[in-house]
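Report on the structure
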Amino acid sequence: MADLFQTTVIVSLLAATVRIATPLLLAAIGELVAERSGVYNMGLEGTMLMGALTAYLAADASGSLWVGVFAALTTGALMSLLFAFLVITLQVEQIVTGLAMNLLGSGLSVYWLRAAFKGQSQIPATPIFDNVPIPFLSELPVIGPVLFDQKALTYLALLSVPAVWWFLYRTRPGLDLRCAGENPRALDIKGLSIAARQYGAVVFGGAMAALGGAFLTVASASRFAPEMTNGRGWLAIVIVIAGMWRPVPILVATLVFSFLDALQLQIQGIGIAIPYQLMLALPYVVAILALAVRRRHAGAPAMLGVSYRRE
């Protein structure tokens, strides 16, 4: 256990926590915006999978990682646009539609992967984004390598927290968006379009989830593997609930879950005699406990998951 408390190990553990948090934070912040508008998008897992696949395929075909990122954003936007059409325009039940989108993403990603590399024994690896150390700040002891020597997408994920907070609580469009999730009739009376705001929120949320999926292939693994998101989409939904539908608590919840994941990896690497299966399950056990504690959904938008019907 003494090895676990060495300074180099602690710095490595904290840096890994921030890195592991990146796809979760991107998906959770996007889902926050969607749910604040009153739409419950449970299709994050499938959207993240499709984002990971299209980012990998586009990066492999073009040789550009940023082309892969753009492809993932486009894929997430299109998938969430389909979801929005079903649940907002056609008013199909939101949870069922989200589950269907997960099945679509899971099956379609495997099919496209096999079709793209048919006849090949092994899919090729692509380069991944390098770390982008921030001058001077990355040289600070402890905090430098943890926060200021990360990948560009990690900085984007961290910056999305204050950006979304400012949008939701300091702008008129953000107020209208929150009103769509709390009291859509008030917007309707004023002649403002509820559907337009919900469409925008859901498409943004889907793009962010796909960007989180893209991080797994173009900034972490260099290859796509079936079901490689490994439940991160579901965990992002739990994080939104644990974070009480607010950006800063969502960041805290994300870091807690990511720390537990990084800790189990570090413990396995050091060789501490703890069953690795127990450590692998720990983040999800904590997620279940978080759901139990937040069983009353304190802070949830009043009309979350309820389609607005004009009387």
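As named in an unreviewed UniProt entry, the protein is ABC transporter permease, taken from Aestuariivirga litoralis.

**Here we look at the UniProt feature "transmembrane region" (unreviewed entry) in the protein**
Residues annotated by UniProt as "transmembrane region" (unreviewed entry) correspond here to residues 37-58, 65-88, 94-113, 152-168, 199-221, 233-260 and 272-293. Taken as a whole, residues 199-221 contains 100% helix and 0% strand, while its terminal C-alpha atoms sit 32 Å from one another.

**Here's the deal with the nonpolar core**
In terms of nonpolar packing, the biggest core is built from 48 residues, with Ile29, Leu32, Phe129, Val218, Ile239, Ile250 and Phe257 touching the most fellow members. Those residues within four positions of Phe129 in sequence are excluded, and the remaining contacts are Leu65, Trp66, Val69, Lys151, Leu153, Val218 and Ala219.

**Description of the packing of aromatic side chains**
Given two aromatic rings, one states the distance between the centres and the angle between the planes to describe the pair. Under the definition given, this model contains three aromatic pairs. The interplanar angle of 40° and the centroid separation of 6.4 Å between the aromatic rings of Trp165 and Tyr169 together place this pair among those described as tilted. With Trp165 and Tyr169 both in helix α6 (residues 152-170), this residue pair falls four residues apart, about one helical turn. Trp165 gets classed as partly exposed once you look at its relative accessible area, which sits at 34%.

**Quick word on the pattern of salt bridges**
All chains considered together, the criterion is met by three salt bridges. In this structure, Asp176 engages Arg172 in a salt bridge whose closest nitrogen and oxygen atoms are separated by 3.5 Å. Of this pair, Asp176 and Arg172 both sit in helix α7 (residues 172-182), four residues apart, roughly one helical turn. The exposure class of Asp176 is buried, given its relative accessible area of 8%. A single salt-bridge network, built from bridges that share partners, covers Arg172, Asp176 and Arg197.

Cut-offs applied
Residues numbered from 1 in each chain as written. Predicted model: local features only at pLDDT ≥ 70, side-chain atom pairs only at ≥ 80, totals over all residues. Heavy atoms only, no water. UniProt positions renumbered as here; feature names shortened; annotations may be inferred. Helix = DSSP H or I, 4+ residues; strand = E, 2+ residues; numbered from the N terminus. Core = buried A, V, L, I, M, F, W, Y, C linked by side-chain atoms within 4.5 Å. Buried < 20%, exposed > 50% of the residue type's maximum accessible area, 1.4 Å probe, protein only. Contact = heavy atoms within 4.5 Å. Phe/Tyr/Trp six-rings, centres within 6.5 Å; stacked < 30°, edge-to-face > 60°. Salt bridge = Lys/Arg side-chain N within 4 Å of Asp/Glu carboxyl O.

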